[in-house]
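# Analysis of the macromolecular model
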Amino acid sequence: MSSTLRNFRLGVAVLMFGVLYQSWLKEVLFEVIGVGRVIQPIEDFPYKCRRLNHERLEACEDLWLDDQERVLYLACAGTKSRIQWNPAIGGLNVSGRRPGGSELMALNIDSPGTNGMFGIHGIEPVGYDGATGDGTLDLLGFDVEVVDAATLRFWLINHRPPVDANKKAIDATKVGANSTIDVFELKRGEDKMVHVKTVFDPEVKTPNNIAAMGDGSFVATNDHSAKVGFRKELDIFIGGGNVAYCPASGPCKAATHSNFRFPNGLVRGTDGLVYVPESARGSIRVMELQEDGTLKEVDLIGIGMPIDNLSLDVNGDIWAAGLPKALQAVPAAHDPYKAQAPTTVWRVSKTPEGYKTFKVLEDRDMKVLTQIGTIQHDVKTGRLFIVGPSAPYLTICEPW
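First, a word on scope: everything that follows refers to the structure included in this document. If you're wondering where the values come from, they're calculated on a predicted model, not measured in any experiment. (Residues numbered from 1 in each chain as written. Predicted model: local features only at pLDDT ≥ 70, side-chain atom pairs only at ≥ 80, totals over all residues. Heavy atoms only, no water.)

On the surface, Ile 236, Phe 237 and Ile 238 cluster together to form a nonpolar patch covering roughly 280 Å² of accessible area. Mapping Ile 236 onto the fold places it in helix α4 (residues 230-238). According to the relative accessible area criterion, Ile 236 is partly exposed, its value standing at 36%. (Patch = residues over 30% accessible without salt bridge, like charges linked within 9 Å, V, L, I, M, F, W, Y side chains within 5 Å. Areas by Shrake-Rupley, 256 points an atom, 1.4 Å probe, with all protein chains shown as cover. Salt bridge = Lys/Arg side-chain N within 4 Å of Asp/Glu carboxyl O. Helix = DSSP H or I, 4+ residues; strand = E, 2+ residues; numbered from the N terminus. Buried < 20%, exposed > 50% of the residue type's maximum accessible area, 1.4 Å probe, protein only.)

Applying the stated criterion across every chain yields a total of six aromatic pairs. With a centroid separation of 6.3 Å and an interplanar angle of 25°, the aromatic rings of Trp 64 and Tyr 73 are classed as stacked. This pair shows no difference in class: Trp 64 is buried, exactly as Tyr 73 is. Aromatic side chains Tyr 128 and Phe 184 sit 5.8 Å apart centroid to centroid with 65° between the ring planes, which places their arrangement in the edge-to-face category. Remark: Phe 184 occurs in strand β10 (residues 178-187) and Tyr 128 occurs in the loop between β7 (121-126) and β8 (139-148); sequence separation between them is 56 residues. The residues Tyr 128 and Phe 184 share a single accessibility class, namely buried. An aromatic cluster is present here, built from Trp 64, Tyr 73, Phe 142 and Phe 154 joined pairwise through their rings. Sitting over the ring of Phe 260, Arg 285 keeps its end group 4.5 Å from the ring centre. When the ring centre of Phe 358 is taken as origin, the NZ or CZ atom of Arg 347, which lies over that ring, is 4.5 Å away. (Phe/Tyr/Trp six-rings, centres within 6.5 Å; stacked < 30°, edge-to-face > 60°. Lys NZ or Arg CZ within 6 Å of the ring centre and 35° of its normal.)

Right, let's get into unusual backbone geometry. At Arg 70, a position not held by glycine, the phi torsion is positive, near 65°. Relative to the helices and strands, Arg 70 resides in the loop between β2 (60-66) and β3 (71-76). The class of Arg 70 is buried, set by a relative accessible area of 10%.

This part is about the sheet that holds strand β14 (residues 242-246). Strand-to-strand pairing in sheets goes through backbone hydrogen bonds, with the strands running parallel or antiparallel. Strand order across the open sheet formed by four strands is β12-β13-β14-β15, with antiparallel pairing between neighbours. Both outer strands of the open sheet, β12 (207-212) and β15 (253-254), are each paired with one neighbouring strand and no more. In this structure, β14 lies alongside β15, joined through two bridges in antiparallel fashion. By the bridge assignment, Ala 244 is partnered in β15 with Ala 254. (Pairing = 2+ DSSP bridges.)

Of note, Arg 37 is situated in the loop between α1 (3-33) and β1 (47-52). Despite being buried, Arg 37 has no salt bridge partner; Glu 362 is the closest side chain of opposite charge, sitting 6.5 Å away. At a separation of 3.0 Å, a polar atom in the side chain of Arg 37 contacts the main-chain carbonyl oxygen of Glu 31. Only 2.3 Å separates the side chain of Arg 37 from the backbone oxygen of Gly 304, close enough to count as a polar contact. Apart from residues no more than four positions distant in its own chain, Arg 37 is found in contact with Phe 30, Glu 31, Gly 304, Met 305, Leu 323 and Pro 324. (Lys, Arg positive; Asp, Glu negative; His and termini not counted. Polar contact = N/O pair within 3.5 Å; in protein donor to acceptor, adjacent residues only side chain to side chain. Contact = heavy atoms within 4.5 Å.)

Looking now at the state of the cysteines. Here the structure, examined in full by the defined rule, presents three disulfides. One disulfide bridge connects Cys 49 with Cys 397, the sulfur atoms lying 2.1 Å from each other. Handedness of the Cys 49-Cys 397 disulfide follows from its S-S torsion of about 115°: it is right-handed. Placement of the pair is Cys 49 in strand β1 and Cys 397 in strand β26 (residues 394-399), with a sequence separation of 348 residues. Cys 397 sits in the buried class, given a relative accessible area of 0%. (Disulfide = S-S within 2.5 Å.)

Let us look at the pattern of salt bridges. For the structure shown, the criterion picks out 20 salt bridges. Here Glu 145 ties to Arg 153 by a salt bridge, and the two come within 3.7 Å at their closest N and O atoms. By relative accessible area, which is 22% here, Arg 153 ends up partly exposed. If you follow the salt bridges from partner to partner, you end up with Asp 67, Arg 70, Asp 110, Asp 378, Lys 380 and Arg 383 in one network.

A word on the pairing of strand β22 (residues 343-351). The side chains of a regular strand alternate between both faces of the sheet. With five bridges connecting them, strand β21 (residues 318-322) and β22 associate as antiparallel partners. Across the sheet, Trp 319 pairs through a bridge with Arg 347, a residue of β22. Hairpin connection, β22 to strand β23 (residues 354-363): the antiparallel pair is bridged by two residues.

Inspection of the sheet shows β3 paired to strand β6 (residues 103-108) by six bridges, in the antiparallel sense. Bridging from a neighbouring strand, Tyr 73 pairs with Ala 106 of β6. By the bridge criterion, three bridges tie β6 to β7 in an arrangement that is antiparallel. Residue pairing in the sheet places Ala 106 in a bridge with His 121 of β7.

In this section: the nonpolar core. Judged by nonpolar contacts, the single largest core of 21 residues is most densely connected at Tyr 47, Val 345, Leu 361, Ile 375, Leu 384 and Ile 386. Taken together, the elements giving at least two residues each to this core come down to β1, β21, α5 (326-334), β23 and β25 (384-387). If we skip the residues at most four places from it in the chain, Ile 386 touches Val 345, Leu 361, Leu 369, Ile 372, Thr 374, Ile 375, Leu 394, Thr 395 and Cys 397. (Core = buried A, V, L, I, M, F, W, Y, C linked by side-chain atoms within 4.5 Å.)

Structure below.
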């Protein structure tokens, strides 16, 4: 081989590596994996955090605060159940689901009571049969609309098990979850929610979280390109997830391209824009709903680390659950009894000068926060309520 040809091939290889590094590898190494990232200890932040342990507060993927009534709602599955049945990360053991399924829990956050459990109670679903006919739910993310002064509407991601014509569970490792969006209405002050409708659509194939758009329509993230299969395993590296749009009536549609790397807990901001985080990228996409039901990207908020779920407080600020060490976060989500991961709490504020990001809390040594999925900020007291997808506790952080 001549030296000229050898130098040419070397030059091509260097060029290809440079393109790969700039377009993919750099982001993966420094934003996703966190090579060289400095993580701060929890003592650096003005919060006192504690865990609230209760079997009905395990594996609460998402939560929402009714600021008017001072009630915190949480979608909880039970840690052992979540380990076995979590389609988002490949947990497809139907038989491992908790008897009775998931629960929508409620806490009266200003009334801890003598036992410090905030009057914990479940919200009973009424008028819902479910895939197996036993009325069980399999909850992940959710959103809530205030319909009127007395009524809340819950939009729930429901990862039901797949069943046959006789409503008997079948092998989910072959067909995936039988996922739906189930809508319930709850009268404030009551402990029963009434089923309104079920949305089942092929475009909502792997739903992770949902944002109601206020007119009966909603958008939902599909965290993967397919329910099962080899292509699904590649999504976290090359993309495959998207956001679906479902109108108040009629079929749903793909609202975005399918290049998202694990799109996760999106929210609709007070400005009407849709904010979409990715758990295998280090930024939040800001998107605007178009008349044709598609979402147009209008901005990008750099966080510098993967994000799980977003939430909104009554001030309009967005709170983001950060994963500073993503490679540790994956096994922690699969089994928090065996693995832990450091976590970060971010606040994103929209100002006249643009989006501003603030690191609010971090726990390098995993003293209290060992898994994080969603943060709910109570503006009235400054408290942070923090849950993880399989964490066996609720964390409450109070400002000094």
